[in-house]
Amino acid sequence: YSSGMTVRLGFAIAAHLEPEILVVDEVLAVGDAEFQKKAIGKMQDVSKGEGRTVLFVSHNMNAVRSLCKRGIVIENGFVLFDDKAFDAVNYYERSKVNASEWNGHDGDNTLQILQTKVYSSQSKFETKSTLRIAILFEAFQDFNDLLIGVTLKSQNGYPIASALHNDYNDYLKISKGKYEVEFSIPPYTLATGNYDLDFNISVPFVRKINSEKVSLSFKLISDSQVGNRYFVENDTTLNSIIRPNWFKSIKQI
């Protein structure tokens with residue numbers, strides 16, 4: 001069996017043994033969407049329908065919010081936080097290291113990504129900031145058909161927006177050398193919260209560089225006391241990720 005099939009088989013056996021405590025460790029990390037849907041449904045049946053305990057271990061925060069009432073954050077064998085699942089998820093997300101820059105070499109002998117970074121027009125990553133996203137790469141030969149792209153994802157891994165160089169007008173034609181491509185997110189585009197950035201450089205149908213090690217994460221905070229987190233407390237649905245500054249005026253008439 002493959003590792004995915006082994007986990008599916010193990011979960012199926014464990015779920016039907018009617019244990020008092022069902023321990024499920026990263027079962028949603030493998031398998032297709034249909035299996036994950038069935039696994040979540042079975043865990044809900046065990047915990048809510050049958051009144052038994054499910055110990056669910058996962059880095060999928062959306063699933064934790066959906067399935068669990070109590071959350072425990074553990075690091076290196078020590079309990080850091082133990083409270084309601086929603087509060088535990090918030091604690092975990094706040095404690096994540098937000099990388100704003102990556103440096104290294106990723107690619108092959110024709111094309112390599114050297115740096116990815118995201119930075120703010122303000123001293124902090126705030127909703128009023130203009131966010132600059134840059135990718136530095138080196139070409140070791142001439143190219144007539146490059147695509148440079150970036151994808152913005154929510155903290156649960158859902159793609160929010162993707163962008164390509166040059167407004168999708170044409171392929172990038174370059175000679176040997178180092179290049180930096182920059183993207184910009186205007187102020188008051190996103191709600192506060194944690195975001196991930198994926199980068200890719202590709203020659204369509206030939207090669208693609210988009211490994212996870214060049215990905216970045218950042219946390220956007222509110223510039224006012226009002227705040228505008230896009231997750232509703234005790235709910236797993238998205239309220240709003242895009243938060244444009246549309247307000248014009250208010251007057252008594």
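Think of each chain on its own: its residues are numbered from 1, step by step along the sequence as written. The predicted nature of this model means local features are confined to residues of pLDDT at least 70 and side-chain atom pairs, given and counted, to a pLDDT of 80 or more, with totals for whole chains, interfaces and linings taken over all residues. As a rule here, side-chain values cover all heavy atoms of the structure and leave hydrogens and water aside.

(A) Up close: the overall build of the chain. Along the backbone of the chain there are four helices and 14 strands. Here's how the labels work: a residue is buried when its accessible area is under 20% of the maximum for its type, exposed when over 50%, partly exposed in between, all with a 1.4 Å probe on protein chains only. Evaluated residue by residue, the chain yields a buried proportion of 36% over its 253 residues. Contacts were defined at the residue level, with two residues in contact if any of their heavy atoms lie within 4.5 Å. For the chain, long-range pairs separated by at least 24 residues make up 63% of all intrachain contacts whose partners lie at least 6 apart in sequence. Per-residue accessibility takes into account occlusion by the displayed protein chains alone, with areas from the Shrake-Rupley method and a 1.4 Å probe. For the chain, the accessible area works out to roughly 15,400 Å², and carbon and sulfur atoms hold 50% of it. Helix numbers and strand numbers start at the N terminus; a helix is a DSSP run of H or I with at least 4 residues, a strand a run of E with at least 2.

(B) Spatial organisation of the sheet that holds strand 5 (residues 101–107). Paired strands, in this sense, are two strands between which DSSP finds at least two bridges. Across the sheet, which stays open at both edges, the four strands sit in the order 5-6-7-11 with antiparallel pairing between neighbours. The sheet is open, and its two edges are formed by strand 5 and strand 11 (177–185), each paired on a single side. The mean angle between the axes of side-by-side strands here comes to 15°, regardless of whether they run parallel or antiparallel. Across nine bridges, strand 6 (residues 111–120) lies against strand 7 (residues 131–139) in antiparallel orientation. Paired with I113 across the strands is F137, a residue of strand 7. Convention adopted: a line fitted to C-alpha atoms gives each axis, helices being fitted over their contacting stretch, and angles between N-to-C directions are expressed from 0 to 180 degrees.

(C) Quick look at the packing of aromatic side chains. The rule is short: rings of Phe, Tyr and Trp, with Trp giving its six-membered ring, pair when the centres are within 6.5 Å, and they are stacked under 30 degrees, edge-to-face over 60, tilted in between. Enumeration over the complete set of coordinates arrives at three aromatic pairs. Between Y195 and F218 the ring centres are 5.6 Å apart and the planes differ by 25°, which places this aromatic pair in the stacked class. Of this pair, Y195 sits in strand 12 (residues 193–203) while F218 sits in strand 14 (residues 216–220), and the two are 23 residues apart along the sequence. Relative accessible area serves as the criterion here: at 0%, Y195 is assigned to the buried category. An aromatic cluster is built from F125, Y195 and F218, whose rings are joined through pairwise contacts.

(D) Focus on unusual backbone geometry. In this structure, Y188 is a non-glycine residue whose phi angle is positive, near 55°. With respect to the helices, strands and loops of the structure, Y188 is situated in the loop between strand 11 and strand 12. The exposure class of Y188 is partly exposed, given its relative accessible area of 30%.

(E) Just the side chain of D106, in detail. Position of D106 among the secondary structure elements: in strand 5. The residues touching D106, leaving out its near neighbours within four places in the chain, are L111, Q112, I113, I209, S211, K213 and V214.

(F) Structural view of the pattern of salt bridges. Any Lys or Arg side-chain nitrogen found within 4 Å of a carboxyl oxygen on Asp or Glu counts as a salt bridge. Counted by the stated rule, this structure contains five salt bridges. As a salt-bridge pair, R70 and D82 come within 2.8 Å of each other at their nearest N and O atoms. Placement of R70 in strand 3 (residues 70–75) and of D82 in strand 4 (residues 78–84) is noted, with a sequence separation of twelve residues between them. When its relative accessible area of 39% is taken as the criterion, D82 is described as partly exposed. Ionic pairing is found between K128 and E126, a salt bridge with its closest N-O pair at 4.0 Å. The class for K128 is partly exposed, based on a relative accessible area of 34%.

(G) Focus on the nonpolar core. What we call a nonpolar core is a set of buried Ala, Val, Leu, Ile, Met, Phe, Trp, Tyr and Cys residues that are connected through their side-chain atoms within 4.5 Å. L197 and F218 are the most contacted members of the largest nonpolar core, which has 32 residues in total. Contributions of two or more residues to this core are made by strand 6, strand 7, strand 8 (143–154), strand 11, strand 12 and strand 14. Setting aside residues up to four positions removed in sequence, L197 forms contacts with V118, I133, V150, T151, L152, S215, L216 and F218. Judged by nonpolar contacts, the second largest core, of 15 residues, contains A15, V27, M61 and A63.

(H) Region of the structure containing the packing of helix 1 (residues 3–15) against helix 2 (residues 33–49). Running from N to C, helix 1 and helix 2 point in directions that differ by 20°, and their axes come no closer than 11 Å. In this view, helix 1 runs roughly parallel relative to helix 2, as classed from their interaxial angle. For the element pair helix 1 and helix 2, the recorded crossing hand is left-handed. Where helix 1 approaches helix 2, its residues R8, F11 and A15 are matched on the opposing element by F35, A39, K42 and M43. Convention used here: angles under 35 degrees read as roughly parallel, angles over 145 as roughly antiparallel, angles from 65 to 115 as roughly perpendicular, and any remaining angle as oblique. Each helix crossing is assigned a hand: it is left-handed if the near helix lies turned anticlockwise from the far helix by less than a right angle, otherwise right-handed if that turn is clockwise.

(I) A look at helix 2. Helix span, as expected, comes to 1.5 Å for every residue beyond the first. Taking 1.5 Å per residue as the helical rise, helix 2 with its 17 residues ought to reach 24 Å, and the 23 Å between its terminal C-alpha atoms agrees with that figure. Among the residues of helix 2, F35, A39, K42, M43 and V46 are the ones counted as buried. For helix 2, the buried positions fall inside an angular range of 95° around the axis, keeping them on one side. Across from the buried face of helix 2, at angles greater than 90 degrees, the exposed residues are A33, K37, K48 and G49. In the core, the buried residues of helix 2 are packed alongside helix 1, strand 1 (21–25), strand 2 (53–57) and helix 3 (61–67). It is the directions from the helix axis to the C-beta atoms that the arc portrays.

Without other data, these values stay purely geometric and don't point to any function.
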